[in-house]
Amino acid sequence: MLQVKTPWWIVAGVGILVVGSLGVATTWSYIKTGWRKVGQGIREATPIAFDLERLNGELKDLEPEIRRNMQVVAQLEVETENLEQDIARIEQEQAQAFAEMKKLREALGQGKSEYQFAGQVYKRSEVEADLARRMDNYQIRQADLEAKKQLLAERQRHLENAKKKVDAYRQQYDQLKLKAESLAGQLKALEASQAVGTVAIDQSRLGRAKELAKEIETRIRVAQRMLEHEQNPQGEIPVEVDDRPVTERFDAMFGDQADKPAEVNQGT
């Protein structure tokens, strides 16, 4: 059977006619609603187990990035330690150089024409020239020392910030990993009900993993609630939940014991 293709200009004409009849805003609203329905249908048809696999995949993709950031922190730590050792060495050398210059200066203060050091005799002009050379070298190395100290302070700040970022990132990753394990356990308890729900996807890796974990938890709770309604159509038995602050709960639980001073065991 032959298939006849509709010319493009007919399709375009129909589109223009629809837009002209409904208006641009109304037509765009129809298109967005239809597209949203299609996307929602796909999400609702996705099994929860598949979404959990996606979540575990997202978490696994985060592991190389965490290791890379931890390696950067380790590199910064080593470089900082090396710089600290370099500064300590220069400070020790400068202290020795200052002590030697002080001896030369004290010798020149005696007003002699010749001086003896380490069994050798030196003219006053030679001692003065040596002291001047030592002072020039001392100033150069002191300037280098100050520059290294400033660099060390900057690296220490950078290292501290890097550690905080990596620790915060790793903490969120660990929380998501625990959440994924918890959701997997809840899903095993609900496999018989074959529940479905909706999933929203974030663009960033970490944000996407967070959002996915949250949506999966929502789907499982919705499925649990539906199962409870089916098993108890007359409604749930109301149960009070103690949502008071922990301080009020502590005072109510221990009463006057909280006001007593702690007993200290004294040896005999």
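Residues numbered from 1 in each chain as written. Predicted model: local features only at pLDDT ≥ 70, side-chain atom pairs only at ≥ 80, totals over all residues. Heavy atoms only, no water.

What follows deals with the packing of aromatic side chains. Inspection of every chain in the model, using the stated rule, returns one aromatic pair. Here F117 and Y122 contribute two aromatic rings whose centre-to-centre distance is 6.3 Å and whose plane-to-plane angle is 50°, an arrangement assigned as tilted. Take F117: its relative accessible area is 25%, and that puts it in the partly exposed class. Owing to a relative accessible area of 30%, Y122 belongs among the partly exposed residues under this scheme. (Phe/Tyr/Trp six-rings, centres within 6.5 Å; stacked < 30°, edge-to-face > 60°. Buried < 20%, exposed > 50% of the residue type's maximum accessible area, 1.4 Å probe, protein only.)

Where helix α3 (residues 48–108) meets helix α4 (residues 124–189), the closest approach of the two axes is 6 Å, and the angle between their N-to-C directions is 160°. In terms of their interaxial angle, α3 and α4 are classed as roughly antiparallel. Seen along the crossing, α3 lies across α4 with a hand that is left-handed. Looking at the contact of α3 with α4 residue by residue, the classes come out as 35 nonpolar, seven polar and 23 charged. (Axes fitted to C-alpha atoms, helices over the stretch in contact; angles between N-to-C directions. Helix = DSSP H or I, 4+ residues; strand = E, 2+ residues; numbered from the N terminus. Parallel < 35°, antiparallel > 145°, perpendicular 65-115°, else oblique. Left-handed = near helix turned anticlockwise from the far one by under 90°. Nonpolar A, V, L, I, M, F, W, Y, C, P; charged D, E, K, R; others polar.)

So, about the pattern of salt bridges. A full pass over the atoms with the stated rule returns 15 salt bridges. As a salt-bridge pair, K163 and E77 come within 3.2 Å of each other at their nearest N and O atoms. Taken as a pair, K163 in helix α4 and E77 in helix α3 lie far apart in primary sequence, 86 residues in all. A salt bridge links E217 to K179; the nearest nitrogen and oxygen atoms lie 3.4 Å apart. Separated by 38 residues along the polypeptide, E217 in helix α5 (residues 205–231) and K179 in helix α4 bring together distant segments of the chain. (Salt bridge = Lys/Arg side-chain N within 4 Å of Asp/Glu carboxyl O.)

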